[in-house]
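Report on the structure
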Amino acid sequence: MKPILPGATIGVLGSGQLGRMFAIAARQMGYRVHTLSPDSESPAGQVSDVEITAPYEDLDAVRTLARNVDAVTFEFENVPVETVEVAAGIVPVRPAGSVLHVTQHRIREKTFLRKMGLPTTRFSIVRSLDELHQALSETGCPSILKTADFGYDGKGQVAIDSPARAEEAWATIGRRDGVLEAFVDFDRELSLVAVRGDDGSFAHYGLIENRHRAHILDLSYTPARVPERLELDAIEMARTVMEQLQVVGVLCVEFFLTRDGRLLVNELAPRPHNSGHFTLDACVTSQFEQQLRAVCGLPLGSTRQLQPAAMANLLGDLWDNGEPDWLAACAQPEVKLHLYGKLEPRRGRKMGHLTALAPSVDCALRGVIDARNSLVTGPSM
Ligand code: AMP
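Residues numbered from 1 in each chain as written. Predicted model: local features only at pLDDT ≥ 70, side-chain atom pairs only at ≥ 80, totals over all residues. Heavy atoms only, no water.

**Some details on helix α2 (residues 59-67)**
Residues spaced three or four apart along an α-helix face the same direction, because each turn holds 3.6 residues. Of all the positions in α2, only L59, A61, V62, L65 and A66 are classed as buried. Projection of α2 onto a plane perpendicular to its axis shows the buried side chains occupying an angular sector of 155°, all on one side. Residues of α2 that are exposed and point more than 90 degrees away from the buried face comprise D60 and R67. (Buried < 20%, exposed > 50% of the residue type's maximum accessible area, 1.4 Å probe, protein only. Helix = DSSP H or I, 4+ residues; strand = E, 2+ residues; numbered from the N terminus. Arc of directions from axis to C-beta.)

**Here we look at the environment of S15**
Tracing the backbone shows S15 in the loop between β1 (9-13) and α1 (17-28). For S15, a relative accessible area of 5% translates into the label buried. Along the chain, S15 and A148 lie 133 residues apart, while their C-alpha atoms are 23 Å from each other. Here S15 is in contact with S37, D39, S42, P43, A44, Y56 and E75, once residues within four sequence places are set aside. A distance of 3.4 Å separates polar atoms of two side chains, one belonging to S15 and the other to S42. (Contact = heavy atoms within 4.5 Å. Polar contact = N/O pair within 3.5 Å; in protein donor to acceptor, adjacent residues only side chain to side chain.)

**Observations regarding the packing of aromatic side chains**
Scanning the model with the defined rule gives three aromatic pairs in all. Ring geometry for F186 and F256: centres 5.0 Å apart, planes at 5°, overall stacked. Of the two residues, F186 is situated in the loop between β8 (178-182) and β9 (188-196) and F256 in strand β12 (residues 249-257); the sequence distance between them amounts to 70 residues. (Phe/Tyr/Trp six-rings, centres within 6.5 Å; stacked < 30°, edge-to-face > 60°.)

**As for the pairing of strand β7 (residues 157-160)**
Side chains of β7 alternate between two faces, with V158 and I160 buried and Q157 and A159 left unburied. Relative to β7, strand β6 (residues 143-147) is paired through four bridges, and the arrangement is antiparallel. What sits directly across from I144, in β7, is A159. (Pairing = 2+ DSSP bridges.)

**Considerations on the site of the ligand**
If you check the shell around the ligand, you find 17 residues, and the closest are K146, E181, V184, E189 and H215. At 3.3 Å, a side-chain N or O of H212 approaches an oxygen atom of the ligand. Calculation on the ligand without its partners gives an accessible area of 470 Å², and the protein chains cover 94% of this total. Among the secondary structure elements, those contributing two or more residues to the shell around the ligand are β6, β8, β12 and β13 (263-269). Per-domain counts for the shell around the ligand show at least three residues from each of domain 2 (122-182) and domain 3 (186-377). (Near = heavy atom within 4 Å. Areas by Shrake-Rupley, 256 points an atom, 1.4 Å probe, with all protein chains shown as cover. Domains from an automatic or database assignment.)

**Section: the domain arrangement of the protein chain**
As far as domains go, the protein chain holds domain 1 (9-93), domain 2 (122-182) and domain 3 (186-377). Here domain 1 and domain 3 have C-alpha centroids that lie 23 Å from each other. For the domain 1 face of the interface with domain 3, the top three residues by lost area are Q17, L18 and M21, together amounting to 30%. Counting the contacts that link domain 1 with domain 3 gives one salt bridge. Counting the contacts that link domain 1 with domain 3 gives five residue pairs in polar contact (both at pLDDT 80 or more). Every element with two or more residues in the side of domain 1 that touches domain 3 is listed here: α1 and β4 (71-74). A total of seven residues in the side of domain 1 that touches domain 3 trace back to one element, the largest contributor, which is α1. Taken together, the residues of the side of domain 1 that touches domain 3 break down into 12 nonpolar, three polar and four charged. (Buried area = accessible area lost by both parts, 1.4 Å probe. Salt bridge = Lys/Arg side-chain N within 4 Å of Asp/Glu carboxyl O. Nonpolar A, V, L, I, M, F, W, Y, C, P; charged D, E, K, R; others polar.)

**A few points about the packing of α2 against helix α3 (residues 81-88)**
Two numbers describe how α2 lies on α3: the axes approach to 9 Å, and their chain directions differ by 40°. Between α2 and α3, the interaxial angle falls into the category oblique. Remark: the crossing between α2 and α3 carries right-handed chirality. Side by side, α2 and α3 meet where L59, V62, R63 and A66 of the first sit next to E82, T83, V86 and A87 of the second. (Axes fitted to C-alpha atoms, helices over the stretch in contact; angles between N-to-C directions. Parallel < 35°, antiparallel > 145°, perpendicular 65-115°, else oblique. Left-handed = near helix turned anticlockwise from the far one by under 90°.)

**What to know about the sheet that holds β13**
In space, the eight strands of this open sheet follow the order β13-β12-β9-β10-β11-β14-β16-β15, with antiparallel pairing throughout. The open sheet terminates on both sides in strands that have one partner only, identified here as β13 and β15 (335-339). The average undirected angle you get between the axes of adjacent strands in this sheet is 25°. The pairing of strand β10 (residues 202-213) with strand β11 (residues 216-222) spans five bridges and is antiparallel. Bridging across to β11, N210 finds its partner in S220. Along the sheet, helix α12 (residues 361-375) contacts β10, β11, β14 (309-315), β15 and β16 (350-357); its crossing angle with β14, the most-contacted strand, is approximately 25°.

**Quick notes on the nonpolar core**
In this structure, L190, L207, V241, F255, L263 and L268 are the most contacted members of the largest nonpolar core, which totals 28 residues. Among the secondary structure elements, those contributing two or more residues to this core are α4 (97-103), α5 (106-115), β9, β10, α8 (228-244), β12 and β13. Ranked by the residues each element gives to this core, the list is headed by α8, at seven residues. If sequence neighbours within four positions are ignored, L263 has contacts with P119, L190, L230, D233, A234, M237, F255, F256 and L257. (Core = buried A, V, L, I, M, F, W, Y, C linked by side-chain atoms within 4.5 Å.)

**What about the side chain of T9?**
Along the chain, T9 turns up in strand β1. Filtering out sequence-adjacent residues up to four positions away, T9 remains in contact with R32, V33, H34, N68, V69, D70 and A71.

**Things to note about the sheet that holds strand β3 (residues 50-53)**
Sheet architecture is open: four strands sit in the order β3-β2-β1-β4, paired in parallel fashion. Both outer strands of the open sheet, β3 and β4, are each paired with one neighbouring strand and no more. Each neighbouring strand pair of the sheet contributes to a mean axis angle of 20°, computed without reference to strand direction. Relative to β3, strand β2 (residues 32-37) runs parallel, the two sharing four bridges.

Given below as structure tokens:
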């Protein structure tokens, strides 16, 4: 494909914080950005040239977006594949709809990973209550039942601690197709953010350590403190995934590190990822600029990390006792504040993040936790 050069216009399906940070990276390099999502005054829409407010199923609106841009990408993997295909009939869409088709559906994603010989948690496909009973007798408890589609940040998941709970769990996920996974008593969660260019070039940001709270990412820090062999394995797995799916763009592979030192792939996200936000402040090229470069067919930038870094998410819970104390966080000179322009803080909603740079990962982690604690005037988080 001929490179799409600065001055061109990129369309984004979805309008959350990932779209916002992508749009800022694109505008920094002289591109224009149009977004489409059901929301108005959205995080991405606020920093775009044009914000189209329409449901993803409004294919006329999707055609309007596509006709006015030079390429389309998405920031939200639950965009219907049909929407992507309609846009792809008019302009290049990157990554392609076929990548979404696999990664937005847990059964297809797990089946793909298994076919590629990549290690995953033990799982069974569940399409009925009978199949759930059968799966529970094979997998045992504790286990986790996850819906095949529309799940993120722990939504559409239920833990099952006894086979007697099968019926209740099946009702909780809405009696929809899903997978039953063995519960992994992991040592740590890790992720690898990688990018594949239009010409097949590949780059990555190394392994990142992640801590979740209530299924939502809480802290990420990097470089991960893991043996080099483990990191090389993770990189090869990401490369396999991206080559097999022919991804053009950024993709994140989420892993569990088991207590006996094995990597298991938890899931794939075909877009810039929350655990890669540190790249905005700590790397030569951020994951958002890489996404832009890949989408536009430009050469990839350097992923070199300038210093160890840690990132802390800022959830709506921080607003429980009123507006957080921004001055306190800004008083820490090695800490960077990012806010997403969301108009209403809600518990569990990602409102922003902080990144700290330091000579060591431990120091960066301490710095970012202290900075986040300084935001709340009441009891510390
Ligand atoms: P997911 O949406 O599948 O990434 O799940 C969100 C979070 O739930 C993960 O990052 C883990 O912290 C936890 N989780 C999901 N699946 C499992 C599992 N099979 N075993 C243990 N924890 C899990």
